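Here are the chains, one letter per residue:
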Amino acid sequence: MSVKRIGVLTGGGDCPGLNAVIRAVAKTAINDHGWEVIGIEDGFLGIIRNRMHPLSMGDASNILTQGGTILGTSNKADPANFMVGIDEDGKPVFDDVTPRCIEHISARELDVIVCIGGDGTMSGASHLISTGIRCIGVPKTIDNDLMHTEVTFGFHTAVQIATEALDRIHTTASSHHRVMLVEMMGRNAGWLTLYAGAASGADVILIPEIPYDVDVVCDYCKTRSKRGKAFTIIAVAEGAKPIGGEVVIDQIIADSPDPIRLGGVSNVLARQIETNTRLECRATVLGHVQRGGTPCAHDRVLATQFGYHATELIAAEEFNRMVVMQDAKLANVPITDVADQQRTVEMDDPLIRACRAIGVSFGVSGL
Ligand code: F6P
């Protein structure tokens, strides 16, 4: 089969670098291969609702540095489990709308779809693959939690944004002699908090992979204070939880395939630390600012490499693979190996060892 027309979609939460991938895919497809490129709007929602439009060289120009995605995205459009209405009790009703998707893909004569997204998007792609539709995956997420790739694009930009925020918190913490908590995204993975915490010299780093002991955190703050260090910076992941306790949930999004939104642990901890230590505490939740704006240079390069490699796979007719970075080299793995899985921080990660060696607390005795 020779490829004539490819579809491109961006799914799940947005992140810096999506447009850089779209640009690399579209320009290589048009320039190097003469393929037509169809932009699918709002991730899988565009397939479900048949909302797609051609992408020209002009559309792919001047978007390298632009944050967000020119195609739009959705994290609620799983073709196998799509919300089609609400029942009389007000509960969402889900249905498998795959046949509709197959019809729209075939009507548009898409030979392959480049799916740029995280684990949820790879799960949607795996489902399409099971029906015979060809896909290529490109790994994105600020969480850096996709299996089989040591890095996803968007991560380094988010680390940079969070680090700048922590640096700013540092000066105000020092002026007011306070314990300052900064909460970062990442779902159940602590990569973003670990990297930004290390980069900004945080005193305490709390990540989901290492449940914390609140007494250890309080003792650490008190000891610093007694030693004359009048402030403490705590980098805390939204998915951090106490030993034997639960994560703090901000919201449940009923029509999302991944309905739980985490958030608020820094406020809970701030009150606990204040009560226990009598030190003044403030919490800052960074939120979506971590996902917005222009990608850093590293992510622009990575996104360009990933997008180019995606088109190489199509040209070689190596379908249903996701581009990955392994040992700092581009490679690819079956998309089905990545779907619905998360890569979390290992306890013996070299960065955890380095942080421990310089006296960072992970909120638990002995670590
Ligand atoms: O997966 C990316 C991410 O930003 C997570 O870090 C965060 O938990 C979640 O998405 C937030 O989702 P939403 O944009 O739906 O609030």
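Residues numbered from 1 in each chain as written. Predicted model: local features only at pLDDT ≥ 70, side-chain atom pairs only at ≥ 80, totals over all residues. Heavy atoms only, no water.

**Some words on a nonpolar patch on the surface**
Together, I249, I252 and I260 make up an exposed nonpolar region whose accessible area comes to about 280 Å². Summarising the element assignment, I260 is placed in strand 12 (residues 260-262). The class of I260 is partly exposed, set by a relative accessible area of 43%. (Patch = residues over 30% accessible without salt bridge, like charges linked within 9 Å, V, L, I, M, F, W, Y side chains within 5 Å. Areas by Shrake-Rupley, 256 points an atom, 1.4 Å probe, with all protein chains shown as cover. Salt bridge = Lys/Arg side-chain N within 4 Å of Asp/Glu carboxyl O. Helix = DSSP H or I, 4+ residues; strand = E, 2+ residues; numbered from the N terminus. Buried < 20%, exposed > 50% of the residue type's maximum accessible area, 1.4 Å probe, protein only.)

**Focus: helix 3 (residues 98-107)**
Every buried residue of helix 3 is listed here: T98, C101, H104 and I105. Here the buried residues of helix 3 occupy an arc of 125° about the axis, which is enough to place them on one side. Turned more than 90 degrees away from the buried face of helix 3, the exposed residues are P99, E103, S106 and A107. Of the surrounding elements, those touching the buried residues of helix 3 are helix 2 (44-48), strand 3 (52-55), strand 6 (112-117) and helix 4 (119-130). (Arc of directions from axis to C-beta. Contact = heavy atoms within 4.5 Å.)

**Here we look at the site of the ligand**
Looking at the ligand, the residues that line it are N75, I142, D143, M185, G186, R187, E238, R261, H288 and R291. R291 places a polar side-chain atom, nitrogen or oxygen, 2.8 Å from an oxygen atom of the ligand. Burial of the ligand by the protein chains amounts to 80% of its free accessible area of 400 Å². A molecule is said to occupy a pocket when more than half its atoms come within 2 Å of that pocket's grid points, and by this definition the ligand occupies the largest pocket. Residue classes in the shell around the ligand are distributed as two nonpolar, three polar and five charged. (Near = heavy atom within 4 Å. Polar contact = N/O pair within 3.5 Å; in protein donor to acceptor, adjacent residues only side chain to side chain. 1 Å grid on protein atoms, 1.4 Å probe; cavity = no way out; pocket = protein on both sides within 12 Å on 5 of 7 lines; lining within 4 Å. Sits in = over half its atoms within 2 Å of the grid points. Nonpolar A, V, L, I, M, F, W, Y, C, P; charged D, E, K, R; others polar.)

**Section: the packing of aromatic side chains**
Think of a pair of aromatic rings as described by two things: how far the centres are apart, and how the planes are tilted against each other in angle. Scanning all chains against the criterion turns up two aromatic pairs. Aromatic pair F155 and Y195: ring centres 5.2 Å apart, planes at 75°, arrangement edge-to-face. A residue pair is termed long-range when its members are at least 10 positions apart, and F155 in helix 5 (residues 155-176) and Y195 in helix 6 (residues 191-200) qualify at 40 residues. What makes F155 buried here is its relative accessible area of 1%. On the numbers, 6.5 Å between centres and 55° between planes, the contact of W191 with Y195 is tilted. Here W191 pairs with Y195, and both are found in helix 6, just four residues apart, close to one helical turn. (Phe/Tyr/Trp six-rings, centres within 6.5 Å; stacked < 30°, edge-to-face > 60°.)

**Quick word on the sheet that holds strand 10 (residues 232-237)**
With parallel pairing, the four strands of this open sheet are ordered in space as 9-10-8-13. In the strand order of this sheet, the two ends are held by strand 9 (204-206) and strand 13 (281-285), each with one partner. Neighbour to neighbour, the strand axes of the sheet diverge by 15° on average, direction disregarded. With five bridges connecting them, strand 8 (residues 179-184) and strand 13 associate as parallel partners. Residue pairing across strands places E183 opposite V285, the latter belonging to strand 13. (Pairing = 2+ DSSP bridges. Axes fitted to C-alpha atoms, helices over the stretch in contact; angles between N-to-C directions.)

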